[in-house]
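# Report on the structure
Read off the chains here:
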Amino acid sequence: MGAYEHFGSASDVVDYETEVTTFHWGAELGPVRGWGLTLEGAWTRSMGSFSTIDLELPHEVVAIADYDFSEVNTLSDLEYTQLEFHGRGTRDLTENTSFYVGAGVVDFDDDAVWVYGNLSGSVVYTRAGIEASF
Amino acid sequence: MSRMIWMVRLVLPVAGLLFATGSLAAEDTEEADMLSGTAAIGGSVSHVEGWIGRAAEYGLVREPLESQLDLMVNGRSGFDFMEVRLDHLNEADQSARAYFRSGPWVRAEFDHQLYQRWLDHDRLQNVQFREWVGFDSTGADRGGGKMVTHEDTDPFGRYGFEHSETKSRVDLLVPLPEDTPAVLKMHAALRDQRRIGSRQGLGVDHCANCHVRSHAVAVDELTRDARVGLDGTFPGVAVGYEATIRDFNNLAAAPTNRYMEARHPANGGSAAEFGSRLIYDNEELEFSQTPDSEKIGHALRASADLPHNQSVRGSMAFASMENQVTGLELKSNSSSLGWYAPITKRARVSVNVTRRSIENDPTDIDLPLYRDGRAGGGQDFDWTRLSAYNREEWIGQARAAYALRPGQNLRMDWRMHTTDRDHVELDPDGSDTRTTKNRLRAAWSGRIRGSTRSRVEVEYEKTSLPFVNVGGLCEEEIGGTVESIPGQPNDWIYYFQRERYGTGGNLPTQAVRARAQLNGSVGSRFFGSGYVSVASEKNDDLNAYDFERSVLSPGVSFVLVPSQHAALNGGMAYSRIESNAKICATVMDG
């Protein structure tokens, strides 16, 4: 039975960086001759990453523990992009009633699939109806 | 059944208010009476691809045709006013709000929100590794040593819960004789929160196979709050009291995890030896449970006007929260006193002092003897857990504002915050438990030219002994031999003999933060604004590394109104945060 040695910790100081960029826009047009239009949207990109891990071994004799950690940092990479767009149009039918139709899309793109699996997904919706005021 | 109860609770107050409105409209025929609103009915069709937990984190998206109902009604009669709003999309996307006011005497509010919240599902794929033990005949790496593994008992599980929150509040003006120079108001409020669904729970074996097992865990939590209070306003003096009681009930069945039989992590043998090092193994136990709790609180506040437009304000609050399973109790106290005064026509100052304290019951941890019955074993590691919550805090703040000239103001404030934790040592070289943070902030705001305004704020913060994990990082080397345990070889090392030396943390001892903002318009059709925030923080009192964090966050936005029938808006925001941390990986042989 070989000796049970405890060599202490291999260690490194790593940097972590997060970056979030968002653009948003919107427009409201009308009412013109009974027509109205509302548009809005946003684009967001979120990223997070560690610097390369280069563990300094605590003891020269620990050759057996000389694992390669150079790719480990990439396993925690986060990179998400979300694009959303919503629109709604209205048309007056009478003085107190109007018809509306709307549509939208939210698209979430997971560009660094790891911890939670692939989180990519999208929702597209359409809606229509009648609104009355009294 | 519970859904039916919720719907009844939702409909009754709303129906009552609608009935009241009908009476108002029918009985009052004066021109001031008014009943108006909007109603929308329609349908919605959606299409979903992939996982919607992020694309629609707060929504239950149904692909088939869904009906949509939105209703808003408001009415006024004399001094009475009411408003009702209802929005319904599906069984997990509803809201209702009702508001009623009868002159100064009665004000009643009801609010109900129901929505779906999706949760993540950790795939655990990073928990999968086998120790390298050599090379095979082809020269390739050969695993076969210790390992970490994972198991997902619900690999296709999609987790989330339906969150409902129902709030109601009534304010009453207490009738007093007409010439009484006082106003008395009573209020009572209720809030129910319910979360029903599922989440991910992780059961972790240690010293068996470093095995993490994922389970679907039922969520059924009910939190109920009730508040009653009395407020009085007298000439120059105002006082108020409020009592609060909160019950948290975990109604879900406790999840269980099968903890594997302890054995050697590589060869599967030595079960008796490894089992003797653990508190439990080879049995199914409950895990990941939030206990029921009850909280009772009292709050008292008072303010008084002083000569020369000065005033003082004070408050006291006490709360007690009991864990209904263990009987452990946490008590908190807070009190504050503030003085506000205009010194001159251009200058005003304020001073506040606050004291807060938390006392949490200790609890005895009764452990079986370590390696009981084994050679060199029998160590008793029973201990008493003293809570890290226990603390006394003092917060002092002084503020001064000075009007340089019309439209331009200069503000200075100094804030000192001390936190003395009873049982958490923060100094790696001593036993001090007190954090002292001083912050000095200066801000200027004013008009630069025309409608262009700006605000610039700079602060410097210095902290002595911020919260850190003393001796919590990186293990010391114990190569060769250690003090031998009777009956054991002198080069065998057990967990309780290992030591850590590194002190780490992510709170700064020094920080400089600044923010600048600029707003302006061009004519009457364009309005724009921009800002930039920066921060530089560091802690060089750690022994394992120097912590640093920097923040850069600029943004711009605009509104353009080219005509009375068009409005455009847009903007951009950016944020970059850089920080560092120490990573440690224990290395041993055996």
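Please read all numbers here as calculations on a predicted model, not as lab measurements. (Residues numbered from 1 in each chain as written. Chains lettered and ligands numbered in written order. Predicted model: local features only at pLDDT ≥ 70, side-chain atom pairs only at ≥ 80, totals over all residues.)

## Quick notes on the overall build of chain B
Definition in use: Numbering of helices and strands runs from the N terminus; a helix is a DSSP stretch of H or I covering at least four residues, while a strand is a stretch of E covering at least two. Atoms counted for the radius of gyration: C-alpha only. Globule rule: 2.2 Å times residue count to the power 0.38. Any residue whose C-beta has 12 or fewer other C-beta atoms within 10 Å is treated as exposed, any with 20 or more as buried, and any in between as partly exposed, C-beta atoms being built from the backbone. In this description, a residue-residue contact is defined by the distance between C-beta atoms placed from the backbone, which must lie within 7 Å.
Of the regular secondary structure elements, chain B holds three helices and 29 strands. Against the 2.2 N^0.38 benchmark of 25 Å for 590 residues, chain B shows a C-alpha radius of gyration of 32 Å, more extended than a compact globule. Across its three principal axes, chain B shows a C-alpha extent of roughly 95 × 60 × 55 Å. When burial is assessed residue by residue, chain B has 13% of its 590 residues classed as buried. Restricting the contact set of chain B to residue pairs at least 6 apart, pairs at least 24 apart contribute 59%.

## Considerations on the overall build of chain A
A tally of helices and strands in chain A yields zero helices and five strands. Counted from the first residue to the last, chain A has its helices and strands arranged as β-β-β-β-β. In terms of overall dimensions, chain A is more spread out than a globule: its C-alpha atoms have a radius of gyration of 27 Å, far above the 14 Å expected for 134 residues. Projected onto its principal axes, the C-alpha coordinates of chain A cover approximately 90 × 25 × 25 Å. For chain A, the residues scored as buried account for 14% of the 134 residues in total. Look at the contacts in chain A between residues 6 or more apart in sequence, and 57% of them connect residues 24 or more apart.

## What to know about the domain arrangement of chain B
All names here are of chain B. Using the following cut-off: For the purposes of this description, domain bounds are those given by an automatic or database domain assignment. Three classes are used, and their members are as follows: Ala, Val, Leu, Ile, Met, Phe, Trp, Tyr, Cys and Pro are nonpolar, Asp, Glu, Lys and Arg are charged, and the others, Gly among them, are polar.
Per the domain assignment, the segments of chain B are domain 1 (1–118) and domain 2 (126–290). In this complex, domain 1 contributes 19 residues to the contact, which on the side of domain 2 involves 14 residues. Going through the elements one at a time, helix H1 (2–27) and strand S5 (106–118) are the ones with two or more residues in the side of domain 1 that touches domain 2. Considering every element that reaches the side of domain 1 that touches domain 2, the biggest residue donor is S5, with 13 residues. Across the side of domain 1 that touches domain 2, the residue classes tally to 11 nonpolar, three polar and five charged.

## Details of the pairing of strand S2 (residues 66–77) of chain B
Residues and elements named next belong to chain B. Going by this rule: We call two strands paired when DSSP finds no fewer than two bridges between them.
Both strand S1 (residues 34–50) and S2 contribute to a ladder of 11 bridges, which runs antiparallel. Bridging from a neighbouring strand, Ser-36 pairs with Asn-74 of S2. Note: S2 against strand S3 (residues 80–90), nine bridges, orientation antiparallel. Each residue of the ladder has a partner; that of Gly-75, found in S3, is Met-82.

## Here we look at the environment of Asn323(B)
Residues and elements named next belong to chain B. Relative to the helices and strands, Asn-323 is located in strand S15 (residues 310–323). Residue classification places Asn-323 among the partly exposed residues on the basis of 17 C-beta atoms within 10 Å. Residues Asn-323 and Thr-290 lie 33 residues apart in sequence; the distance between their C-alpha atoms is 9.7 Å. Residue contacts for Asn-323: discarding those within four places in its chain leaves Pro-291, Ser-293 and Leu-328.

## What about the interface of chain B and chain A?
Residue-level contacts link 65 residues of chain B with 60 residues of chain A. Looking at the side of chain B that touches chain A, the elements with two or more residues in it are S1, helix H2 (52–55), strand S24 (469–475) and strand S29 (566–589) of chain B. Of the residues forming the side of chain B that touches chain A, the biggest block, 24 residues, is contributed by S29(B). Split into classes, the residues belonging to the side of chain B that touches chain A amount to 28 nonpolar, 23 polar and 14 charged. Of the pairings in the sheet, the one linking strand S5 (residues 121–133) of chain A to S1(B) comprises 13 bridges and is antiparallel in character. Across the sheet, residue Val123(A) finds its bridge partner in S1(B), namely Val48(B).

## Re the confidence of the model for chain B
Where we set the bar: A score from 0 to 100, pLDDT tells how confident the predictor is in each residue.
Summarising the model, chain B shows a mean pLDDT of 90, and 93% of its residues fall at 70 or more. Predicted complex, confidence summary: ipTM 0.92, pTM 0.88.

## A closer look at the nonpolar core
Condition: Definition of nonpolar core: a set of buried Ala, Val, Leu, Ile, Met, Phe, Trp, Tyr and Cys residues joined via C-beta atoms within 7 Å.
The biggest cluster of nonpolar side chains holds 11 residues, and these are Val106(A), Phe108(A), Leu119(A), Val123(A), Tyr125(A), Trp51(B), Ile52(B), Ala55(B), Ala56(B), Val61(B) and Trp118(B). Those elements that place two or more of their residues in this core are strand S4 (97–110) and S5 of chain A together with H2 of chain B. The contact partners of Trp118(B), leaving out residues within four places of it in the chain, are Ile52(B), Gly53(B), Glu57(B) and Gly160(B). Counting eight residues, the second-largest nonpolar core is a separate cluster that includes Leu473(B), Ala544(B), Tyr545(B) and Phe547(B).

## Let's talk about the environment of Arg91(A)
Residue and element names in this part refer to chain A. Here Arg-91 lies in strand S3 (residues 78–92). For Arg-91, a count of 14 C-beta atoms within 10 Å translates into the label partly exposed. Each C-alpha atom, one on Arg-91 and one on Phe-134, is 17 Å from the other, the two residues being 43 residues apart in sequence.

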